[in-house]
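Report on the structure
So the chains spell out like this:
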Amino acid sequence: MEPTAVNTRRHQKIVVIMGPTGAGKSRLSIDLATCYYNNSEIINSDKMQVYRGLDITTNKITMQERRGIRHHLLGSFDPTESVINPFNFRQFASEKITDIVSRGGLPVLVGGSNSFIYSLLAKNFDPKSDVFNRPDPVSSELRYKCCFIWVDVSFPVLDQYLCKRVDEMLGSGMLEELKEYFGSGQDLRVKRNGLGQAIGVPELEGYVKDGLKCEEMYEEAVRRIKDNTCQLGKRQVGKIVRLKKGGWNLNRIDATEVFKAVMTTDDGGGRVAEIWEKQVVETSVKIVKQFLDE
Ligand code: ATP
């Protein structure tokens, strides 16, 4: 890359929304984009959502929820052909940022894979090093001017919510989606170390292939899905803390009260929406506004 291009990139502003699965990152990105900065475009950095298919199982934001905001690297890759790793994510996402900036837009990076986020943003990214699983040093120098929003939820509350979310996903067609996935033989073509790893796929395989007959198998699979989702959330927070300790300037926003309200209120969303707006959206807007004004 030309030195001038590197210099320009260092001054490009991007917003990064990170946090554990279920914390409301997608929702926040849309709220920020629609209410305040309508030239924003979202780049997905969830490891499973980059692939086409299994939209319910991987919890992709729906078309309706996107509210017209342009999304990139979301359902973009054929899961039978590609396995996206941090190294190629860095290339794809850098290109997207360049395109968005050339249109005068604000890139908003949103997603749960911290290794994707790290590979894209670290100035000195070495694909052979692993800052999350080894004591390799975190690169505190970044390739872009970043405003980090870390949406966090305390664990007991997040765990409770994630279990509820798994039940809701099953209620909204996850099992039917996986029945089709295994029934059509897609599972045999999809890369096992890509989309084939999505939580729900290995856990429900036995039950679905057995013809959905055994209630005990189903219950065991659901228990494992809940367990694995909660563990994923904990691992993700561990990685975020690692980046913070490594010098990344992350603004942590505590959304615990929102999720407590989700678990206890039945008001059609009124109170929940109010707390979300006040404690998460308004705080984030202030942080992003200040960043953009700098
Ligand atoms: P990181 O990318 O942050 O280093 P990682 O490599 O463990 O961590 P994660 O994004 O944390 O990747 O995902 C780890 C695993 O969690 C995935 O391989 C998959 O099994 C599961 N997972 C992650 N995101 C999803 C999702 N949206 N839907 C289903 N399963 C997911």
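Now for a quick tour of the structure. Computed from a predicted structure; not experimentally measured.

**Considering the overall build of the chain**
- Across its full length, the chain carries 12 helices and six strands.
- Relative to the 2.2 N^0.38 estimate, which gives 19 Å for 294 residues, the radius of gyration of the chain is 19 Å and therefore close to what a compact globule would have.
- On the principal axes, the C-alpha backbone points of the chain span a range of 60 × 45 × 40 Å.
- Contacts in the chain between residues at least 24 apart in sequence constitute 77% of all its contacts with a sequence separation of at least 6.
- Summed over all atoms, the accessible surface of the chain reaches about 14,300 Å², with 49% contributed by carbon and sulfur.
- In the chain, 42 positive and 39 negative side-chain charges are present, and the distance between their average locations comes to 6 Å.

**What about the environment of Glu65?**
- Counting through the fold element by element, Glu65 comes out in helix α3 (residues 63-66).
- The exposure class of Glu65 is partly exposed, given its relative accessible area of 44%.

**Let's talk about the pattern of salt bridges**
- According to the stated counting rule, one finds 18 salt bridges in the structure shown.
- In this structure, Lys226 and Asp167 form a salt bridge, with 3.0 Å as the shortest nitrogen-oxygen distance. One end of the pair, Lys226, is in helix α10 (residues 215-245); the other, Asp167, is in helix α6 (residues 155-171), and 59 residues separate them in sequence.
- With a closest N to O distance of 3.4 Å, Glu257 and Lys260 form a salt bridge. Here Lys260 and Glu257 lie together in helix α11 (residues 256-264), a separation of three residues that amounts to about one turn.
- Overall, the relative accessible area of 37% leaves Glu257 in the partly exposed class.
- Residue Lys260 is classed as partly exposed on the basis of its relative accessible area of 40%.

**Here we look at the layout of surface pockets**
- When its volume is computed, the second largest pocket comes out at roughly 340 Å³.
- Lining the second largest pocket we find 16 residues, and of these Cys146, Cys147, Asn249, Phe291 and Glu294 sit closest to its centre.
- Counting residues per element, the ones that place at least two in the lining of the second largest pocket are β5 (145-152) and α12 (270-293).
- The element that contributes the greatest number of residues to the lining of the second largest pocket is β5, accounting for four residues.
- Within the lining of the second largest pocket, the residues separate by chemical class into eight nonpolar, five polar and three charged.

**What to know about the state of the cysteines**
- The full count for this structure, using the stated rule, is zero disulfides.
- Left unpaired, Cys147 is separated from the closest cysteine sulfur, that of Cys146, by 8.8 Å.

**Considerations on the site of the ligand**
- Taken together, the neighbourhood of the ligand is formed by 15 residues, with Lys47, Ser113, Ser115, Gln197 and Lys239 sitting nearest.
- In the environment of the ligand, a nitrogen atom lies 3.1 Å from a nitrogen or oxygen atom belonging to the backbone of Thr58.
- A distance of 2.6 Å separates an oxygen atom of the ligand from a polar side-chain atom of Ser113.
- Here the ligand has 600 Å² of accessible area as a free molecule, and 84% of this is covered by the chains.
- Per-class residue counts for the shell around the ligand are four nonpolar, seven polar and four charged.

**Remarks on the side chain of Glu203**
- Take Glu203: it is sitting in helix α9 (residues 201-209).
- Of the side chains with opposite charge, Arg224 lies nearest to the buried Glu203, which makes no salt bridge, at 5.3 Å.
- A polar contact is formed between the side chain of Glu203 and the backbone nitrogen of Gly200, at a distance of 2.7 Å.
- Excluding its chain neighbours within four sequence positions, the residues that come into contact with Glu203 are Ala198, Ala221, Arg224, Ile225 and Asn228.

**Structural notes on the nonpolar core**
- Grouped together as the largest cluster of nonpolar side chains are 54 residues, with contacts concentrated most on Val16, Met18, Tyr118, Leu121, Phe148, Leu204 and Trp248.
- For this core, the secondary structure elements donating two or more residues are β1 (13-18), α4 (86-102), α5 (114-121), β5, α6, α7 (174-183), α9 and α10.
- Excluding its chain neighbours within four sequence positions, the residues that come into contact with Leu204 are Leu170, Met174, Leu175, Leu178, Phe182, Tyr218, Ala221 and Ile225.
- Listed in part, the 37 residues of the second largest apolar core include Cys147, Ile149, Val151 and Phe259.

**Quick word on the packing of helix α2 (residues 25-35) against α12**
- Remark: α2 packs on α12, axes separated minimally by 10 Å, with the N-to-C direction vectors making an angle of 60°. Between α2 and α12, the interaxial angle falls into the category oblique. As α2 packs across α12, the resulting crossing turns out to be right-handed. From α2, Arg27, Leu28, Asp31 and Leu32 reach across to α12, where they touch Trp276, Val280, Val281, Ser284, Val285 and Val288.

**Details of unusual backbone geometry**
- Of note in this structure, Asn59 is not a glycine but carries a positive phi near 60°.
- For Asn59, the position within the fold is in the loop between β2 (40-44) and α3.
- Asn59 gets classed as partly exposed once you look at its relative accessible area, which sits at 29%.

Calculation notes
Residues numbered from 1 in each chain as written. Predicted model: local features only at pLDDT ≥ 70, side-chain atom pairs only at ≥ 80, totals over all residues. Heavy atoms only, no water. Helix = DSSP H or I, 4+ residues; strand = E, 2+ residues; numbered from the N terminus. Rg over C-alpha atoms; globule rule 2.2 N^0.38 Å. Contact = heavy atoms within 4.5 Å. Areas by Shrake-Rupley, 256 points an atom, 1.4 Å probe, with all protein chains shown as cover. Lys, Arg positive; Asp, Glu negative; His and termini not counted. Charge placed at Lys NZ, Arg CZ, Asp CG, Glu CD. Buried < 20%, exposed > 50% of the residue type's maximum accessible area, 1.4 Å probe, protein only. Salt bridge = Lys/Arg side-chain N within 4 Å of Asp/Glu carboxyl O. 1 Å grid on protein atoms, 1.4 Å probe; cavity = no way out; pocket = protein on both sides within 12 Å on 5 of 7 lines; lining within 4 Å. Points joined across faces, edges and corners; volume = space filled by probe spheres on them. Nonpolar A, V, L, I, M, F, W, Y, C, P; charged D, E, K, R; others polar. Disulfide = S-S within 2.5 Å. Near = heavy atom within 4 Å. Polar contact = N/O pair within 3.5 Å; in protein donor to acceptor, adjacent residues only side chain to side chain. Core = buried A, V, L, I, M, F, W, Y, C linked by side-chain atoms within 4.5 Å. Axes fitted to C-alpha atoms, helices over the stretch in contact; angles between N-to-C directions. Parallel < 35°, antiparallel > 145°, perpendicular 65-115°, else oblique. Left-handed = near helix turned anticlockwise from the far one by under 90°.

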